[in-house]
Amino acid sequence: FDIGTTTVVGTLMDLESGAELAVAAELNGQAVHGADVIARTSFGAQSEADLETLRVAVLETINGIIDRLLEDFAARDAAKSELPREPCPPTTVPLP
């Protein structure tokens, strides 16, 4: 994950091959509490509840991205399994 001030980006990776399987991005849910890191730090320093609000906001953003990554990957994986395949050659089974 890349958690930026404005945007959070997540990438689903194949750990064996290192291939990128899916990428998703969302606006950082913390943005409503300040446009920049300084404003958000000031907001979070006001109280434990405000700090928890920031934590929950970014976790909800991350969880939303995880959901989208898994949905995108599942949809593409399902589409791959529905691709037309070579027909099986006819076989002759002798009758008893």
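Everything discussed here concerns the structure shown above.
Draft legend 1. Representation of the overall build of the protein within the structure. Looking only at helices and strands, the protein features 2 helices and 3 strands. For the protein, the succession of helices and strands along the chain, N to C, is β-β-β-α-α. Counting only residues that meet the buried cut, the protein has 20% of its 96 residues in that class. Sequence-distant contacts in the protein: of pairs separated by 6 or more residues, those separated by 24 or more amount to 46%. Of the roughly 7,200 Å² that the protein leaves accessible, carbon and sulfur atoms contribute 60%.

Draft legend 2. Seen up close, the nonpolar core. With 7 residues, the main nonpolar core is built from Val8, Ala22, Ala24, Val58, Ile62, Ile65 and Leu69. Looking at which element gives the most residues to this core, the answer is helix H2 (residues 48–81), with 4 residues.

Draft legend 3. Seen up close, the sheet that holds strand S2 (residues 7–13). Here we have 3 strands laid out as an open sheet, ordered S1-S2-S3, and antiparallel in their pairing. Across the chains shown, the open sheet's two edge strands, defined by having one partner strand only, are strand S1 (2–3) and strand S3 (20–27). Pairing analysis gives 2 bridges linking S1 to S2, with the strands arranged antiparallel. Within S2, the residue paired with Asp2 across the bridge is Val9.

Draft legend 4. Geometry of the side chain of Asp50. Here Asp50 shows up in helix H2. For the buried Asp50, no salt bridge exists, and the shortest N-O distance to an oppositely charged side chain is 13 Å, to Arg55.

Draft legend 5. Spatial organisation of the environment of Thr53. Examined against the element boundaries, Thr53 turns out to sit in helix H2. Given the relative accessible area of 31%, Thr53 is considered partly exposed. With 23 residues separating them in the primary sequence, Thr53 and Gln30 have C-alpha atoms 8.3 Å apart. Leave out the neighbours within four places in its chain, and Thr53 touches His33 and Phe43. A polar atom in the side chain of Thr53 sits 2.9 Å from the backbone oxygen of Ala49.

Draft legend 6. Expanded view of helix H1 (residues 37–45). Within the span of H1, buried status applies to Arg40, Phe43 and Gly44. In a view along the axis of H1, the buried residues occupy a sector of 95°, so they form one face of it. Opposite its buried face, H1 presents the exposed residues Ile38 and Ala45, each directed more than 90 degrees away. Put simply, Asp36 is the residue that caps the front of H1, since its side-chain oxygen is 3.3 Å from the backbone nitrogen of Ile38.

Calculation rules
- Residues numbered from 1 in each chain as written.
- Predicted model: local features only at pLDDT ≥ 70, side-chain atom pairs only at ≥ 80, totals over all residues.
- Heavy atoms only, no water.
- Helix = DSSP H or I, 4+ residues; strand = E, 2+ residues; numbered from the N terminus.
- Buried < 20%, exposed > 50% of the residue type's maximum accessible area, 1.4 Å probe, protein only.
- Contact = heavy atoms within 4.5 Å.
- Areas by Shrake-Rupley, 256 points an atom, 1.4 Å probe, with all protein chains shown as cover.
- Core = buried A, V, L, I, M, F, W, Y, C linked by side-chain atoms within 4.5 Å.
- Pairing = 2+ DSSP bridges.
- Lys, Arg positive; Asp, Glu negative; His and termini not counted.
- Salt bridge = Lys/Arg side-chain N within 4 Å of Asp/Glu carboxyl O.
- Polar contact = N/O pair within 3.5 Å; in protein donor to acceptor, adjacent residues only side chain to side chain.
- Arc of directions from axis to C-beta.

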